[in-house]
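Reading the structure
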Amino acid sequence: MNLPVVQVFARAPRPGRCKTRLIPALGGRGAARLQTRLLQQLLAQLAAPGEWRLELHGAPDAGHAAFLAARHRHGLRLQRQARGDLGRRMGRAIGQALRRGAPAVILLGSDCPELAAPTVRAALAALAAEADTVLVPAVDGGYGLIGSRRPLRLAGVDWSSGREYQQSRQRLRQQGLRLRAVGGCADIDTPSDWRRARREGRLPGLFGPVPGKGSSRA
C-alpha cells in the first residue's frame, strides 16, 4: 500500500543565512538556533510511522549537519530542493512524489510552530474527501502548508509579498483544481512574530518566557 508523503521544506540553519529578518532581534546565531529548534520540533511531531512517509527537502543543499542528524534520527528521505523560485521548487517536489506512487502529498515549511500531525491529518482527510489541493493560510497573507493529489503549477506568484495565498488560489483554480482551505497558522519571520509567538506560548521548549519591560534582551 502506497502511503501519502509529507515533505518539509527547510533552509539550512547557517548563521547569517537563515531567518535574516530575525537577526536584529536574535543575532545571526540566535536566528540559526531558532531555525534548528523549529525544524527539530516539527519533525518530532510529524514522526508517525505507518501514516505517511516523511521527507526533508533542504536548501541550498541537503548536506548540513542538522539535516543529516534528522535523517539519522527519523529515518526520513533527505534531498536537496530543486532550483528556481519557491513555486517551482514546491511543484517539482510534489510532482516527483506523485510520480513515485504517493496518493497525496503534503508540503509544509518549518516556520509555523502550530503545524503538526493534526493539521496534516486534516489536510489529508480533505484530499481524501473531495479536494484536489489544500492550503493552510497564514496570517501574513501567505500559507504554511500546501497539499495535493494532482500535479500543480505555481508560476507567477509574488513570494514574500503578502499576496501568496490569494494568488496561489487563483493559479490553482485556473488549473481546474478543487481547492479547500484548512485551518490557519502564523509564521515566525520577524521580531514581532517571534515576540508574539513567545507570549502566546507557541514555542514550547525553545526559549524562556518573554523578558519584561526594561530588559536589554530581545
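Let us look at the structure shown here. (Residues numbered from 1 in each chain as written. Predicted model: local features only at pLDDT ≥ 70, side-chain atom pairs only at ≥ 80, totals over all residues. Heavy atoms only, no water.)

**As for the pairing of strand β5 (residues 133–137)**
For β5, the tally of buried residues reaches five of five residues, placing the bulk of the element in the interior. Going residue by residue along β5, you find Thr 133, Leu 135 and Pro 137 tucked away on one face and Val 134 and Val 136 tucked away on the opposite face as well. Pairing of β5 with strand β6 (residues 143–148), which is carried by five bridges, proceeds in the antiparallel orientation. The residue bridging Val 136 from the neighbouring strand is Leu 145, located in β6. The turn joining β5 and β6, which pair antiparallel and follow one another in sequence, is formed by five residues; a positive phi near 95 degrees is taken by Gly 141. Strand direction decides the pairing type here: β5 and strand β7 (residues 179–181), joined by three bridges, are parallel. (Buried < 20%, exposed > 50% of the residue type's maximum accessible area, 1.4 Å probe, protein only. Helix = DSSP H or I, 4+ residues; strand = E, 2+ residues; numbered from the N terminus. Pairing = 2+ DSSP bridges.)

**Focus: the side chain of Gln 7**
With respect to the helices, strands and loops of the structure, Gln 7 is situated in strand β1 (residues 5–11). Gln 7 gets classed as buried once you look at its relative accessible area, which sits at 0%. Polar side-chain contacts of Gln 7 include one of 3.1 Å to the side chain of Glu 55. Ignoring anything within four residues of it in the chain, the contact list for Gln 7 reads Glu 55, His 57, Ala 93, Ile 94, Ala 97, Val 105, Ile 106, Leu 107 and Leu 108. (Polar contact = N/O pair within 3.5 Å; in protein donor to acceptor, adjacent residues only side chain to side chain. Contact = heavy atoms within 4.5 Å.)

**Here we look at the packing of aromatic side chains**
Taken as a whole and assessed by the stated rule, the structure comprises one aromatic pair. When the ring of Tyr 143 is compared with that of Trp 159, the centres are 6.3 Å apart and the planes differ by 65 degrees; the resulting orientation is edge-to-face. With Tyr 143 in strand β6 and Trp 159 in the loop between β6 and α5 (164–174), the pair connects residues that are 16 residues apart, well separated along the chain. Look at Tyr 143 and you get buried, because its relative accessible area is 13%. Using a relative accessible area of 21% as the deciding quantity, one classes Trp 159 as partly exposed. (Phe/Tyr/Trp six-rings, centres within 6.5 Å; stacked < 30°, edge-to-face > 60°.)

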